[in-house]
Amino acid sequence: MNATVRRTTLRWSLLGAGAAAGSHLLPAASWLPPVRRLLPGLSGRGAAGHVALTFDDGPSPPGTAAVRDALAGLGVRATFFVLGRELARNPDLGRELAAAGHEIAVHGWDHGYLLGRGRRRVRDELAHTRDLIGETCGTTPRWFRPAFGVLTGPAVCAAHELGLRPVLWTAWGKDWTATATADSVVRRLEPGLVGGATLLLHDVVPGPVTAAALPRLAALAAERALTLGPLGEHGVPS
Ligand SMILES: [Zn+2]
């Protein structure tokens, strides 16, 4: 166990202890950049030379289809954090993503804040989503990203119980805003497109904007000798 792994393990132990004690303070602040920097595993900091590409909130036409087609054109695979409710509505899209080699992960059953939801409800929702991914896509998810990046004590405990690892992001494209364009997404992500980064994008609203940004992000990654891929190949420390 090297020093980095020891530090990471200690931090996860502290996070777990806080959760077990019923303290929601640290987990609920998980989306804040200083908290994510303190927890490199939680923020998805991976191997130098690799960048994890992740998409949240689908699967939902036409955004997911546009992102799927853009990735196919680039020969890039990614991780899709799906909502169980959306997967239930659009099982074929989920199946197509998995068949194309993309990793399917858990974003939750719906997109509500987890704050105020008890452990039993959170566990049931995560289990339901995990099981639906298994039945629909034929894969076992490894990752969990809470809506809005806000983890809670019950969610940390439920994820641990279900074999799901919480992971957030190191940089986002703010592609969900009403004024987002492919230009704005690329400009916002460019400083964070570095080795070990985990990029957060969305395959729903507005999916075509996100899809249009992908070729330029792929070109930037190639210029910087970085490989884009799913979290499962990112080397996130345990
Ligand atoms: Zn989301």
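Shown above is the structure to which this text applies.
What you see is a predicted model, and the numbers here were worked out from it, not measured in a lab. Numbering of residues starts from 1 in every chain and runs along the sequence as written. Reporting in this predicted model follows two pLDDT cut-offs: at least 70 for local features of residues, and 80 or more for side-chain atom pairs to be given and counted; totals over whole chains, interfaces and linings ignore these cut-offs and use all residues. Only hydrogens and water are set aside; all other atoms, that is, all heavy atoms of the structure, feed into the side-chain values.

Participant: Can you explain the nonpolar core? Please cite residues and give values.
Facilitator: Residues Leu 53, Phe 55, Leu 71, Phe 80, Phe 144 and Leu 214 are the most contacted members of the largest nonpolar core, which totals 55 residues. Looking at which element gives the most residues to this core, the answer is helix H11 (residues 207–223), with eight residues. Residue contacts for Leu 71: discarding those within four places in its chain leaves Leu 53, Phe 55, Val 76, Ala 78, Phe 80, His 102 and Leu 214. Ala 52, Trp 143, Leu 231 and Val 236 belong to the second-largest nonpolar core, a separate cluster that totals seven residues. Residues enter a nonpolar core if they are buried and are Ala, Val, Leu, Ile, Met, Phe, Trp, Tyr or Cys, with the set joined through side-chain atoms within 4.5 Å. Here the term buried applies to any residue with accessible area under 20% of the maximum for its type, exposed to any over 50%, and partly exposed to those in between, with areas from a 1.4 Å probe on protein chains only. Strands here are runs of E lasting at least two residues and helices are runs of H or I lasting at least four, both read from the DSSP assignment and numbered beginning at the N terminus. Only heavy atoms matter for contacts: two residues are in contact if any of them lie within 4.5 Å across the pair.

Participant: Can you tell me about the coordination of the zinc ion, naming the residues and giving the values?
Facilitator: When a metal carries six donors in an octahedron, the ideal angles between them are 90 or 180 degrees, while four donors in a tetrahedron ideally lie at 109.5 degrees. In this structure, Asp 57 (OD), His 107 (NE2) and His 111 (NE2) serve as the protein donors to the zinc ion, at separations of 2.0 to 2.2 Å. Donor atoms (N, O, S) are those found within 2.8 Å of the metal centre, with the cutoff raised to 3.2 Å for Na, K and Ca; water is not part of the atom list, so apparent gaps in a site can occur. Each donor residue of the zinc ion belongs to the same chain, with the gaps between them written as D-x49-H-x3-H. His 107 sits in the buried class, given a relative accessible area of 3%.

Participant: Break down the pairing of strand S1 (residues 50–56) for me, citing the residues and quoting the values.
Facilitator: With seven of seven residues buried, S1 is to be regarded as a mostly interior element. Burial of S1 is two-sided: the residues His 50, Ala 52, Thr 54 and Asp 56 facing one way and the residues Val 51, Leu 53 and Phe 55 facing the other way are all buried. Sheet topology note: the S1/strand S8 (residues 227–229) ladder contains three bridges and is parallel. Its bridge partner being in S8, Ala 52 is matched across the sheet by Gly 229. When S1 meets strand S7 (residues 198–202), the two strands line up parallel, connected through five bridges. Within S7, the position partnered with Ala 52 by the bridge is Thr 198. Strand pairing is assigned whenever DSSP identifies at least 2 bridges connecting the two strands. With three bridges joining them, S1 and strand S2 (residues 79–83) adopt parallel strand pairing. Of the residues in S2, the one forming a bridge with Phe 55 is Phe 80. Taken together, S1, helix H5 (residues 63–74) and S2 form a β-α-β motif whose crossover is right-handed. Orient the strands so they point away from the viewer; a crossover is then right-handed if the path from the first strand over the helix to the second runs clockwise.

Participant: Explain the pairing of S7 to me, and be specific about the residues and the numbers.
Facilitator: In terms of burial, S7 is largely enclosed, as five of its five residues are buried. The alternating pattern of S7 places Thr 198, Leu 200 and His 202 on one face and Leu 199 and Leu 201 on the opposite face, and all of these are buried. In this structure, strand S6 (residues 171–172) lies alongside S7, joined through two bridges in parallel fashion. By the bridge assignment, Ala 171 is partnered in S7 with Leu 199.

Participant: How would you sum up the environment of Thr 198? Please name residues and give values.
Facilitator: Position of Thr 198 among the secondary structure elements: in strand S7. The class for Thr 198 is buried, based on a relative accessible area of 0%. Expressed as a C-alpha distance, the spacing of Thr 198 and Thr 170, which sit 28 residues apart in the sequence, is 5.2 Å. Excluding its chain neighbours within four sequence positions, the residues that come into contact with Thr 198 are Ser 43, Gly 44, Ala 52, Thr 54, Arg 145, Leu 168, Trp 169, Thr 170, Ala 171, Leu 231 and His 234.

Participant: How would you summarise helix H10 (residues 182–189) if you had to cite specific residues and measurements?
Facilitator: Taken together, the buried positions of H10 are occupied by Ala 182, Val 185, Val 186 and Leu 189. Each buried residue of H10 sits inside an arc of 95° when the element is viewed along its axis, so together they form one side. Relevant arc is that of directions from the helix axis to the C-beta atoms, nothing else.

Participant: Describe the packing of H5 against helix H7 (residues 91–99), listing the residues and the values that go with them.
Facilitator: How two helices sit against one another is set out by the angle between their axes and by the gap between those axes. Axis lines are fitted to C-alpha atoms, over the contacting stretch for helices. Their N-to-C directions set the angle, which ranges from 0 to 180 degrees. Taken N-terminus to C-terminus, the directions of H5 and H7 make an angle of 15°; their axes are 11 Å apart at the nearest point. By the angle class used here, H5 and H7 are roughly parallel. Both H5 and H7 take part in a crossing whose hand is left-handed. Facing Thr 64, Ala 65 and Arg 68 of H5, the residues of H7 in contact are Leu 93, Glu 96 and Leu 97. For the contact of H5 with H7, the per-class residue count stands at three nonpolar, one polar and two charged. For classification, angles of less than 35 degrees are called roughly parallel, those exceeding 145 degrees roughly antiparallel, those between 65 and 115 degrees roughly perpendicular, and all remaining angles oblique. Definitions for this section: a left-handed crossing has its near helix turned counterclockwise from the far helix by less than a right angle. A right-handed crossing has that turn clockwise. Three classes are used, and their members are as follows: Ala, Val, Leu, Ile, Met, Phe, Trp, Tyr, Cys and Pro are nonpolar, Asp, Glu, Lys and Arg are charged, and the others, Gly among them, are polar.

Participant: Give a detailed account of the packing of helix H8 (residues 119–137) against helix H9 (residues 153–161), specifying residues and quantitative values.
Facilitator: Following both chains from N to C, one finds H8 and H9 inclined at 45°, their axes separated by 9 Å at the closest point. The orientation of H8 relative to H9 falls into the category oblique. Relative to H9, the crossing made by H8 is right-handed. Facing H8, whose interface residues are Arg 119, Val 122, Arg 123 and Leu 126, H9 presents Pro 154, Ala 155, Cys 157, Ala 158, Ala 159 and Glu 161. When the residues that make up the contact of H8 with H9 are grouped by side-chain class, the tally is seven nonpolar, no polar and three charged.

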